[in-house]
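Coordinate analysis (summary)
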Amino acid sequence: MRLFFATLLQFSILPFVLLLGLLAGYWYFDPFRVLKTYSDFSNPVVIPNRDYVSTEVFIQHYPQYHYNSFILGSSRTMAFKPKHWQKYLGTNDTPYLFDASNESIYGIYHKLKLLDNRGVKIKNVLLIICRDRTFTHTSNQIGHLYIKHPLVSGESSLDFQAQFLKAYFSPEFLFKYYLYQLCGYSDWMQGVIENKQILYDTKDNTITIPAQEAAITRFPERYYAAKMHVFYKRNSETTDRVARIKPLQKAMLAEIKQLFLKHKTAYKVVISPLYDQVKLNPKDKAILEEIFGNNIYDFSGKNTFTQSYTNYYEASHYRPTVGDSILRYIYR
């Protein structure tokens, strides 16, 4: 009987011990880098929350650099390098890439509000709008990759952290992450483990993926031959049938314009040149022009940038060569 109860006790304690072990591992490894303070977020092991990284780097380094010029938008903003934008700004202007993965009008609006509330001068803005992404969300997103930093959303830090803890306790994540820690990387770990080198500039938050651009520069035929399956055939230019700017999105755009007026911001609004060659809906363009006037630069649809797949890393993200050409055009 004693042996029975001893065995029963062991089995009842085991789940508790396992839970404590996993929680200790979560704190020790901090896989998402949201528990501790980091001066440099480069070379992440796990795919990061880009909104959190951008906000943390800004908060940490603003006292040193006093940013006053901001690039806002989704991950496609990585085509616009702050150092390249600097050439079109004043000598006393300090640019910062304040982007987020799958960025929405909600995120853009709340980032500008954060800057304004902190007394940050918003002297220049390069606002990158993506027809297929920018207007999809008018509230904070859920999920550890897309939820906004609490300073941006103004929402609970506990709710924010809960999204990462939930992702951590996913069986797939635990299995892949700890096998990676024990055995190193394997291709089947994709989706959890970040296998390519990613560098984040600690001054202006520029994203650099050295191997990606180097592969295109050195062996372009080889790079695109391996990617041809993602570059689907496009027949001709089409126009988006969906008007994506609803009353709430329009209200946020109007508030953004008021912030620009308050700060006397010099701003440019760029509509991304997406590979799909779908033209921005005319109603959406009319609203943008109503609010921002002739500061709108529409590169959606079929044009010199969208014509060639060599202007893209894959079917979603265009390259810095495109960003540089757009900067030359809008600041000509």
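These notes cover the structure that comes with them. (Residues numbered from 1 in each chain as written. Predicted model: local features only at pLDDT ≥ 70, side-chain atom pairs only at ≥ 80, totals over all residues. Heavy atoms only, no water.)

Counting its secondary structure elements, the protein contains twelve helices and nine strands. Out of the 332 residues in the protein, the part that is buried amounts to 50%. Sequence-distant contacts in the protein: of pairs separated by 6 or more residues, those separated by 24 or more amount to 74%. Counting only carbon and sulfur atoms, one obtains 58% of the accessible surface of the protein, whose full area is about 16700 Å². Of the charged side chains in the protein, 40 are positive and 28 negative; the average position of the first set lies 2 Å away from that of the second. (Helix = DSSP H or I, 4+ residues; strand = E, 2+ residues; numbered from the N terminus. Buried < 20%, exposed > 50% of the residue type's maximum accessible area, 1.4 Å probe, protein only. Contact = heavy atoms within 4.5 Å. Areas by Shrake-Rupley, 256 points an atom, 1.4 Å probe, with all protein chains shown as cover. Lys, Arg positive; Asp, Glu negative; His and termini not counted. Charge placed at Lys NZ, Arg CZ, Asp CG, Glu CD.)

All right, on to the pairing of strand β3 (residues 124-129) then. Among the six residues that make up β3, six are buried, leaving the element largely enclosed by the rest of the structure. Here β3 shows two buried faces, one formed by N124, L126 and I128 and the other by V125, L127 and I129. Of the strand pairs in this sheet, strand β1 (residues 69-73) and β3 are connected by four bridges, and their pairing is parallel. Within β3, the residue paired with S69 across the bridge is N124. (Pairing = 2+ DSSP bridges.)

A few words on the side chain of R33. Tracing the backbone through its elements, the reader meets R33 in the loop between α1 (2-29) and α2 (50-65). No salt bridge is formed by the buried R33; the nearest opposite charge belongs to D40, separated by 6.1 Å. In this structure the side chain of R33 is engaged in a polar contact, spanning 2.9 Å, whose partner is the backbone oxygen of F41. There is a polar contact of 3.0 Å between the side chain of R33 and the backbone oxygen of S42. Excluding its chain neighbours within four sequence positions, the residues that come into contact with R33 are Y38, D40, F41, S42, N43, P44 and Y52. (Salt bridge = Lys/Arg side-chain N within 4 Å of Asp/Glu carboxyl O. Polar contact = N/O pair within 3.5 Å; in protein donor to acceptor, adjacent residues only side chain to side chain.)

Glancing now at the nonpolar core. Among the nonpolar cores identified, the biggest contains 85 residues, and F32, F70, F80, L112, L126, L288 and F292 are the most heavily contacted of them. Per-element tally for this core: the top contributor is helix α4 (residues 105-117), with seven residues. Apart from residues lying up to four places away in sequence, F70 is in contact with F58, W85, Y96, F98, L115, V120, K121, I122, N124, V125 and L126. (Core = buried A, V, L, I, M, F, W, Y, C linked by side-chain atoms within 4.5 Å.)

Attention shifts here to the environment of P82. Topologically, P82 is positioned in helix α3 (residues 82-85). The sequence separation of P82 and S69 amounts to 13 residues, and the corresponding C-alpha distance is 9.1 Å. Not counting the four nearest positions on each side in its chain, P82 is found in contact with I71, P95, L97, D204 and T206.

Turning to the packing of helix α8 (residues 210-218) against helix α9 (residues 220-227), a few remarks are in order. Axis separation between α8 and α9 bottoms out at 5 Å; the angle between their running directions is 115°. With respect to α9, the axis of α8 lies roughly perpendicular. Note on element contacts: α9 touches α8 through P220, Y223 and Y224, opposite Q212, A215, I216, T217 and R218. For the contact of α8 with α9, the per-class residue count stands at five nonpolar, two polar and one charged. (Axes fitted to C-alpha atoms, helices over the stretch in contact; angles between N-to-C directions. Parallel < 35°, antiparallel > 145°, perpendicular 65-115°, else oblique. Nonpolar A, V, L, I, M, F, W, Y, C, P; charged D, E, K, R; others polar.)

For Q307, the position within the fold is in the loop between β9 (296-298) and α12 (320-330). On the basis of relative accessibility, which here comes to 45%, the residue Q307 falls in the partly exposed class. Separated by 31 residues in sequence, Q307 and D276 place their C-alpha atoms 9.7 Å apart. For Q307, the residues in contact, after removing those within four places along its chain, are R234, Q277 and K302.

Moving on, we get to the sheet that holds strand β7 (residues 266-271). The strand order across the open sheet built from five strands is β2-β1-β3-β7-β9, with neighbouring strands paired in parallel fashion. Edge positions in the sheet fall to β2 (95-99) and β9, since each of these pairs with one other strand and no more. Here the strands of the sheet are splayed against their neighbours by 15° on average, with no regard to which way each runs. Across five bridges, the pairing between β1 and β2 is parallel. Across the sheet, S69 pairs through a bridge with P95, a residue of β2. Contacts from α2 reach β1 and β2, with the element oriented near 150° to β2.

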